[in-house]
Amino acid sequence: MAKKSRQIGKYSKQAKGARRGKKASAEAKEKQKMRHSYRALIVLGLLVLATFGFGAVASWRSLPTTTTALPTGTPPAMPANAPGKEYVYSGSALISTAEPFREPPDDLAVWRPGTGVWYVLNSSGQYVTYTWGNSSDLPITADFDGDAKTDFCIFRPSTGEWWIVKSSDGTYYTVTFGASGDVPVAADYDGDGRSDQAYWRPSNYTWYVYKSSSGSTATQQYGTSGDVPKPADFDGDGKADYTIWRSSSYSFWVMKSTDNQSMTYSIGASGDEPVIGDYDGDGKADYATRRGSDNIWRIRYSSDGNIYNTQWGISSDIAVQGRYTDSGDGDAKTDIAVWRPSTGVWYIRRSTDGSMRASYWGTQGDIPVPAPWRR
């Protein structure tokens, strides 16, 4: 029995050793699998980094930077059959998005006459490129289909044609309205939520508006030689008022849409530039001018009647006031802003606290076209 017990103990030890060997073998195999998995993850990570790195470089190279040479040669003609494709990017990925803003903010945007390409950058860092128009055209910022998004549009002075790409479905159409020498002044004059094709004719000081609500044409003589048309809603009824800036008397003249009565207000000095906007956020346009010699913006708030002076920019800058939003500014007030052609930098004074936001977008020769594109 003692001998048998010793044999049983011996076999038991052998069995335990075999089990330990099998366990060690299984653990070794599991560790090997884990090493293979780690290697696979490392390889995958390197591939992802390489892919995004290449995409980032490709995206950076496609941006309208100041080092990009201006286009040469003959600008492309307007497409005969259909508009160019719209490309919406986020980093290197092709996407299609819309920003969920309570009220549409203005996006940074430029139009490059030499190529007819529009470059739009929204507050989320996503950008759009779109080819539409040629060097002899005039870029227009307006919402003709009423979807709260700006449509790609040009006015062709040589033919009086408006070429419009609807943001709602991507289709385009043309309207012949105006002639060479006319000044396009598209705005919502009838309050239906859609911009109307409109122009001001310097030769007879007459406004011509093709109303989207009725399809009829309204005419109104308002202004005189040397005036600059600047339609805006000064009475807060949701309709654009016929408005002109008269530099000789440094005054604004407004025909209110509420009662067709004319009102005038003098601010600034002869030679100042009109920079109308809703700077106090009360839903009404404010009289405002910018003087190139001292770079002071003079703004009369419609909410309290006071005039506020702010120095911003340099004389070679282009005024691009608008309602811009970012993490530090989300109100509904117009921000004082300029675009510097020599560097392509936007300098925006946040209406919330007066701090500066500097954003690089565009190059010399571009035309800034800030608007609520919401692409």
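Notes on the structure follow.

Definitions and cut-offs
Residues numbered from 1 in each chain as written. Predicted model: local features only at pLDDT ≥ 70, side-chain atom pairs only at ≥ 80, totals over all residues. Heavy atoms only, no water. Helix = DSSP H or I, 4+ residues; strand = E, 2+ residues; numbered from the N terminus. Buried < 20%, exposed > 50% of the residue type's maximum accessible area, 1.4 Å probe, protein only. Lys, Arg positive; Asp, Glu negative; His and termini not counted. Salt bridge = Lys/Arg side-chain N within 4 Å of Asp/Glu carboxyl O. Polar contact = N/O pair within 3.5 Å; in protein donor to acceptor, adjacent residues only side chain to side chain. Pairing = 2+ DSSP bridges. Axes fitted to C-alpha atoms, helices over the stretch in contact; angles between N-to-C directions.

Okay, the side chain of Asp107 next. With respect to the secondary-structure elements, Asp107 resides in the loop between strand E2 (93-95) and strand E3 (108-112). One buried charged side chain, Asp107, makes no salt bridge at all; its nearest oppositely charged neighbour is Arg375, positioned 7.0 Å away. Within the local environment of Asp107, its side chain forms a polar contact with the backbone nitrogen of Trp373, the two atoms lying 3.2 Å apart.

A few words now on the sheet that holds strand E24 (residues 345-349). With antiparallel pairing, the four strands of this open sheet are ordered in space as E22-E23-E24-E25. Pairing within the sheet leaves two strands with one partner each, and these edge strands are strand E22 (318-319) and strand E25 (356-360). Strand direction decides the pairing type here: E22 and strand E23 (residues 336-340), joined by two bridges, are antiparallel. Looking at E23, one finds that Ala319 is bridged to Val338.

Further remarks concern the sheet that holds strand E9 (residues 172-176). Hydrogen bonding along the main chain pairs the strands of a sheet, whether they run parallel or antiparallel. The strand order E6-E7-E8-E9 describes an open sheet built from four strands, whose pairing is antiparallel. The open sheet has two edge strands, strand E6 (138-142) and E9, and neither has a second partner. Neighbour to neighbour, the strand axes of the sheet diverge by 25° on average, direction disregarded. As paired strands, E6 and strand E7 (residues 151-156) are joined by five bridges and run antiparallel to one another.

Our next topic: the environment of Gly170. Within the secondary structure layout, Gly170 lies in the loop between strand E8 (161-165) and E9. Placed 18 residues apart in sequence, Gly170 and Phe152 show a C-alpha to C-alpha distance of 9.6 Å.

Inspection of the entire model under this criterion finds 13 salt bridges. A salt bridge links Asp169 to Lys166; its shortest N-O distance comes to 3.6 Å. Take Lys166: its relative accessible area is 24%, and that puts it in the partly exposed class. The shortest N-O distance in the salt bridge between Arg298 and Asp294 comes to 3.0 Å.

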